Amino acid sequence: MATRRSVLGSAHVDRAEAKKTGFDEPFQDLITEAAWGHVWSRPEWTKRERSIVTIALLAALGHHDEVAMHVRATANTGATPDDIREAMLHVAIYAGVPAANHAIKIAKQTLAEMEESKT
């Protein structure tokens with residue numbers, strides 16, 4: 001849970017936890033343990049590196065809500081807009097231009113929202 005909070009932010013995690021029901025609690029427990037406990041907590045890659053790879057994979061697979069969520073998480077992981085741009089170029093070549101094009105649109109919008117919230 002500590003890693004999940006450090007990447008996504010406590011506000012996001014608190015909202016997800018508050019929405020949790022008996023139906024999805026096992027799923028929430030699974031992703032907290034597997035994704036955040038086992039994968040994101042490994043020392044071999046930095047959170048920045050994991051963030052870049054995660055955004056690229058989500059974009060390639062067309063998981064648009066998750067792309068936006070992980071772009072917002074770059075405020076905590078250290079991945080930069082330049083990192084996101086480079087990941088999208090890889091997505092375009094290896095997963096297809098339409099996947100990258102849509103993910104770029106989402107990333108641009110999310111980054112703009114993040115910038116607006118700073119002012």
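What counts and what doesn't
- Residues numbered from 1 in each chain as written.
- Predicted model: local features only at pLDDT ≥ 70, side-chain atom pairs only at ≥ 80, totals over all residues.
- Heavy atoms only, no water.
- Helix = DSSP H or I, 4+ residues; strand = E, 2+ residues; numbered from the N terminus.
- Contact = heavy atoms within 4.5 Å.
- Core = buried A, V, L, I, M, F, W, Y, C linked by side-chain atoms within 4.5 Å.
- Buried < 20%, exposed > 50% of the residue type's maximum accessible area, 1.4 Å probe, protein only.
- Phe/Tyr/Trp six-rings, centres within 6.5 Å; stacked < 30°, edge-to-face > 60°.
- Patch = residues over 30% accessible without salt bridge, like charges linked within 9 Å, V, L, I, M, F, W, Y side chains within 5 Å.
- Areas by Shrake-Rupley, 256 points an atom, 1.4 Å probe, with all protein chains shown as cover.
- Salt bridge = Lys/Arg side-chain N within 4 Å of Asp/Glu carboxyl O.

Novice: If you had to explain the side chain of Thr110 to someone new, which residues and values would you point to?
Specialist: On the secondary structure map, Thr110 appears in helix α7 (residues 97–118). Those residues in contact with Thr110, other than ones at most four positions away along the chain, are Ala68, Val71 and Arg72.

Novice: Give me the nonpolar core: which residues, what numbers.
Specialist: If you look at the biggest cluster of nonpolar residues, it comprises 17 residues, and the most contacted ones within it are Ile55, Ala59, Val67, Val71, Ile84, Met88 and Val91. Among the elements of the structure, α4 (47–61), α5 (64–77), α6 (81–94) and α7 are those that each provide at least two residues to this core. Considering every element that reaches this core, the biggest residue donor is α7, with six residues. Residue contacts for Ala59: discarding those within four places in its chain leaves Val67, Met88, Val91, Ala99 and Ala103. The next biggest cluster of nonpolar side chains, apart from the first, holds seven residues, and it includes Leu8, Trp36, Met69 and Ala73.

Novice: Explain the packing of aromatic side chains to me, and be specific about the residues and the numbers.
Specialist: Under the counting rule described, the total for this entry stands at one aromatic pair. Here the aromatic rings of Trp36 and Trp40 are separated by 5.1 Å at their centres, their planes lie at 35°, and the arrangement is tilted. Both residues of the pair, Trp36 and Trp40, count as buried.

Novice: I'd like to hear about a nonpolar patch on the surface, residue by residue, with values.
Specialist: Taken together, the side chains of Trp45, Val53, Leu57 and Leu61 define a hydrophobic patch exposed on the protein surface, amounting to about 400 Å² of accessible area. Checked against the element boundaries, Leu61 lands in helix α4.

Novice: Residue-level account of the pattern of salt bridges, with values.
Specialist: Evaluated as defined, the whole model comprises eight salt bridges. Between Lys20 and Glu17 there is a salt bridge, with its nearest N and O atoms 2.8 Å apart. Overall, the relative accessible area of 23% leaves Lys20 in the partly exposed class. Across the pair Arg42 and Glu44 runs a salt bridge, and its minimum N-O distance is 3.4 Å. One continuous salt-bridge network, built from bridges that share partners, spans Arg4, Glu17 and Lys20.

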